[in-house]
Structure formats: structure tokens, C-alpha cells
Amino acid sequence: MNELAIAIFGVLAVLVILQTRYALAFVSSLSLPNSKAIQDKLLPKAAVILSLRGADPFLADCVRALLYQNYPQYDLHIVIDSQEDPAWNIVNETIQQAKVTHVQVSPLIARYNTCSLKCSALVQAICALDNSYEAAAFIDADVIAHTNWLRELVAPLVDKRIGATTGNRWYMPHTKQWGSLVRYAYNSASVVSMYIYKYAWGGSMAMNLSVLRQAQLLKTWTQSISVDAPVHRALQKVGLKVKFVPTVMMINREECNLAQCLRFIKRQLLMPRLYHPKWMLFFAQVLAPTFALVTAMGLLLISLVSGNIAAAGWIGSGFIGYILAMALLLALLEQSVRRVVRGYDELTKSFSFQFIAKILLAIPLAQLVSALATVLALLTRNVEWRGVIYQIKDPYNVKLLEYHPYQISLKPLDSKASIV
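On a predicted model such as this, the values are computed, not experimentally measured, just so you know. (Residues numbered from 1 in each chain as written. Predicted model: local features only at pLDDT ≥ 70, side-chain atom pairs only at ≥ 80, totals over all residues. Heavy atoms only, no water.)

Next up on the list: the environment of Val211. Within the element layout of this structure, Val211 appears in helix α7 (residues 209–214). Its relative accessible area of 8% is what places Val211 among the buried residues. The sequence separation of Val211 and Ala164 amounts to 47 residues, and the corresponding C-alpha distance is 8.4 Å. Every residue in contact with Val211, bar those within four places of it in the chain, is listed here: Gly163, Leu235 and Leu240. (Helix = DSSP H or I, 4+ residues; strand = E, 2+ residues; numbered from the N terminus. Buried < 20%, exposed > 50% of the residue type's maximum accessible area, 1.4 Å probe, protein only. Contact = heavy atoms within 4.5 Å.)

Structure, rendered in C-alpha cells:
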């Protein structure tokens, strides 16, 4: 038992070292200097594309922020699932109040049955652009762009070695629901992983249209469930890379319960299964910490019952040390992200004692939820996304089983709850 206890301690220590290494690499990227300022005349004309199905909690703020970007030539193109969608009136009222003209709102007409509705919306918007546009930026409705978002996202594209620029999403929920805390803990690890693997996030991403066509992404999107998951491989094929831009990290302040959190994580983990070239290794990395923690808890109980204090000491110190190390890494990541977003007047609150105590419990809970979501992602063949079900036979064999407009009854009762 003592040898096994020491082995478990060693495994947990190795996991801490690996995750610390990755976290520090991400933190270092947030400290890199901003790209050099580019004159307005050198910035390409851009289209900002926002696809909507359902009214996200902060939708009006999202649209309003996109209407006032510090960028010389751009237009906002919004594709809404249907004119019956609750987002339709919110978007049009926001535009009328702003009294601007550089925006176009369209219902989704070119709806493919072989991809997600979001993919259909982006393809429709891009195909409608005339030749004056050189770049396209994509954003999700669950985040609010700061004034320089578009400029900082598009500027690096002048480097012809860069195929796409991207930020990522960072959760800062207002309240302390367990689902929100678990999603927060899970997402922090996901953000680091995406940075390490150089993957793009479609909620804050930009590409030159010439590159998008060269990589044949329009064709790919008409056969895909995901917008961003296929981007990395498509760009690799044409010899281009994804560049992470720290200043376009996007803050999400929405809430969710544990059931919503599980659905979200399961859908997130479905994408690596479909599009990650080494998805078995990826899932092994997700499951390893959970397996080690569960094994440690079981052996700790056995050791205590049998009176083996030495084994209990090794296992207990490994378990507690792992949780504390993950909490410290999460705090480091949080503070590093906050330093970036404070420059854009994002409101941040200090950690309370209650929050810290809950995070210590949320970290192992997030491991368990992620493990369950991983198993479900491996087994699932159908996925629900905002009330629509897709059948997925393989990465590029997707079928929209039945379409219907977004229903008001699907909207959560909590006005700040995510639409999942």
C-alpha cells in the first residue's frame, strides 16, 4: 500500500508540474507587448459578422459595442436565425437607437442541412460580401467587444504568415452558482490548452478573406458542426498559423446551473473528438487528473480505515497539494487576464473568502464533470444546440435533423443565464 500511495503522490505531482508549465506559458503570452500601431490607411476594409439564434443576456450591449469600433472602414453584418427570433427586435431596436448606417441585418435564408445553423449563417454572410472587403472578423453574442477590439484583431493579419488571429473567452460570473463556478474552472484549463495547441476560438477571430477562400473554409463549414475547430488544420494545409492576441480576450459574465454546465462542456469536448488530430491523447489528458484524484480518494479512505497512517499521509498530501496548486494556478490566470482587461474598463471584483472556499470545491467537481462530459462526448451521436438537434456520423457528415425557429420557452428564467 505504501508503494502505491507514493506512486499516486508522484502522479499528482507530475500533473501539477505539467499544468504549471502550460499555465505559465499562457501567462507569459498575456504579458507580451501589443502589436505596433498601424496607420488607418493600411488597415483593410473589414466585415464584422455576428450570427444569432436566441437573445443572449447581453445582446443589446454586444451589438452596441460593435457599432462603435475604433476602425476606419468596417460594416457590421448580423445574420439572425429568423424574423420570429427574439433577437430580431432587440437588434433592430438597438440599431435604431444608435442611428448608424454601417450595419446590415438579415434573416438566415441559405440554411444547409449538412452543418450547424451558425456555420450556415457565416457562409451566407461571407458569400454576400462584395470585393471591397478584405478581412472578416467573427464574434459571439455572449461577449462585449471593447472599442479597439476590431483594430487589434485585424492588425496582425498584415503579416502574411498569419492565417487567423484569435482571442478567447474568460468567464467572470456575477454570482456563485455551482454550475458557473465549475464552468469557470473548466474553461480556465480549456483556454490554456487552446493556446498551447494554437487553436482559434470563433467567438473572437479574424481572417483575411483571401486566406479563408484559399483554405476552402466555406466548403468545410457547410459540412461541419463547428466554426472554429476545423480552422487550425485548414490553415496548416496552406502553411499558415493561428496567432493569439491577448488584448482580445473576451469577458463572459453569464450564469449557468450544473445541468447547463454539463451540456456546455459535453458539447465543447465533442469538438476535439471530431476535429483534434490526436483526440485520444487529448482525452487521456482530460481523464488522467480525474482518475488520479478518484483513485487517491478511494485509497485514502482505505488507508484511514486500515490504520495505515504513512500511506494516508502520502495520498492526503498529494490530493490536497494538487487542489491547492490548481487553485493557485487559477488565481494566477485570473489576475493575469484581469491585468489585460482592466485596460478596457472591464469591471472586476476582488475575491471573497467565500468565493475562494467554493473554488477549492469547484476544482475537483470540475474534474468529475469534465470526466463525465468526456464519456458522454465519446458516446454521443446526436447533439442539441439551442433547441436544434444534429446527427453526427463523422466530422464532415453532419445532418440537421429538424429545424424550427428559436422558441421563447427555451430562454432561461434567469436573465443572466447562458443560452446553451
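Next comes the rest of the account.
Here we come to the packing of helix α6 (residues 178–196) against helix α12 (residues 309–341). Two numbers describe how α6 lies on α12: the axes approach to 11 Å, and their chain directions differ by 75°. As judged from the angle between their axes, α6 and α12 are roughly perpendicular. Counting all contacts with α6, which are made through Tyr184, Ser188 and Val192, the residues of α12 involved are Leu330, Leu333 and Glu334. Grouping the constituent residues of the contact of α6 with α12 by class yields four nonpolar, one polar and one charged. (Axes fitted to C-alpha atoms, helices over the stretch in contact; angles between N-to-C directions. Parallel < 35°, antiparallel > 145°, perpendicular 65-115°, else oblique. Nonpolar A, V, L, I, M, F, W, Y, C, P; charged D, E, K, R; others polar.)

Most of strand β4 (residues 135–139) sits out of view: five of its five residues are buried. The alternating pattern of β4 places Ala135, Ala137 and Ile139 on one face and Ala136 and Phe138 on the opposite face, and all of these are buried. Bridging between strand β1 (residues 46–52) and β4 involves four bridges; their strand directions are parallel. Bridged to Val48 within β4 is Ala137. Across five bridges, β4 lies against strand β7 (residues 204–208) in antiparallel orientation. (Pairing = 2+ DSSP bridges.)

A word on helix α2 (residues 59–67). Residues of α2 that are buried include every one of Leu59, Cys62, Val63, Ala65, Leu66 and Leu67, and no others. Tucked into the core, α2 has its buried residues touching β1, β2 (74–80), α3 (86–98), β3 (103–107), β4 and α5 (149–154).

Once that is clear, we can look at the pairing of strand β12 (residues 397–402). The pairing of strand β11 (residues 388–394) with β12 spans five bridges and is antiparallel. Its bridge partner lying in β12, Ile389 is registered against Glu402. Joining the antiparallel neighbours β11 and β12 is a turn of two residues.

Moving on, we get to the sheet that holds strand β8 (residues 241–244). In spatial order, the strands read β3-β2-β1-β4-β7-β5-β8; together these seven strands make up an open sheet with mixed pairing. Two strands in the sheet have a free side with no partner beyond their single neighbour: β3 and β8. Shown here is a sheet whose adjacent strand axes are inclined to one another by a mean of 20°, direction ignored. Across five bridges, β2 lies against β3 in parallel orientation. Following the sheet pairing, Leu76 is matched in β3 by Val103. The sheet contacts of α2 involve β1, β2, β3 and β4, and relative to β2 the element is tilted by about 155°. Of the strands in this sheet, β1, β2 and β3 touch α3, which is tilted by about 165° from β3.

In this model helix α1 (residues 2–30) runs 42 Å from its N-terminal to its C-terminal C-alpha over 29 residues, within 8% of the 42 Å that 1.5 Å per residue would give. Residues of α1 that are buried sit in contact with α6, β8, α11 (279–306) and α12. (Expected span 1.5 Å × (residues − 1).)

What follows concerns a nonpolar patch on the surface. A surface patch of nonpolar side chains, about 330 Å² in accessible area, is lined by Ile320, Leu324, Ile356 and Leu360. Sorting the residues of the nonpolar patch by element identifies α12 and α13 (353–379) as the ones contributing at least two each. Take Leu360: it is sitting in helix α13. According to the relative accessible area criterion, Leu360 is partly exposed, its value standing at 30%. (Patch = residues over 30% accessible without salt bridge, like charges linked within 9 Å, V, L, I, M, F, W, Y side chains within 5 Å. Areas by Shrake-Rupley, 256 points an atom, 1.4 Å probe, with all protein chains shown as cover. Salt bridge = Lys/Arg side-chain N within 4 Å of Asp/Glu carboxyl O.)

A few words on the side chain of Ser188. Looking at the secondary structure, you find Ser188 in helix α6. Within the structure, the side chain of Ser188 is placed 2.7 Å from the backbone oxygen of Ala185, a separation counted as a polar contact. In this structure, Ser188 is in contact with Trp170, Leu330 and Leu333, ignoring residues within four places of it in sequence. (Polar contact = N/O pair within 3.5 Å; in protein donor to acceptor, adjacent residues only side chain to side chain.)

Its location among the elements puts Ser180 in helix α6. The buried category is assigned to Ser180, whose relative accessible area is 1%. Of the polar contacts made by the side chain of Ser180, one reaches the side chain of Glu255; its length is 2.7 Å. If we ignore the near neighbours within four places in the chain, the residues touching Ser180 are Pro173, Glu254, Glu255 and Cys256.

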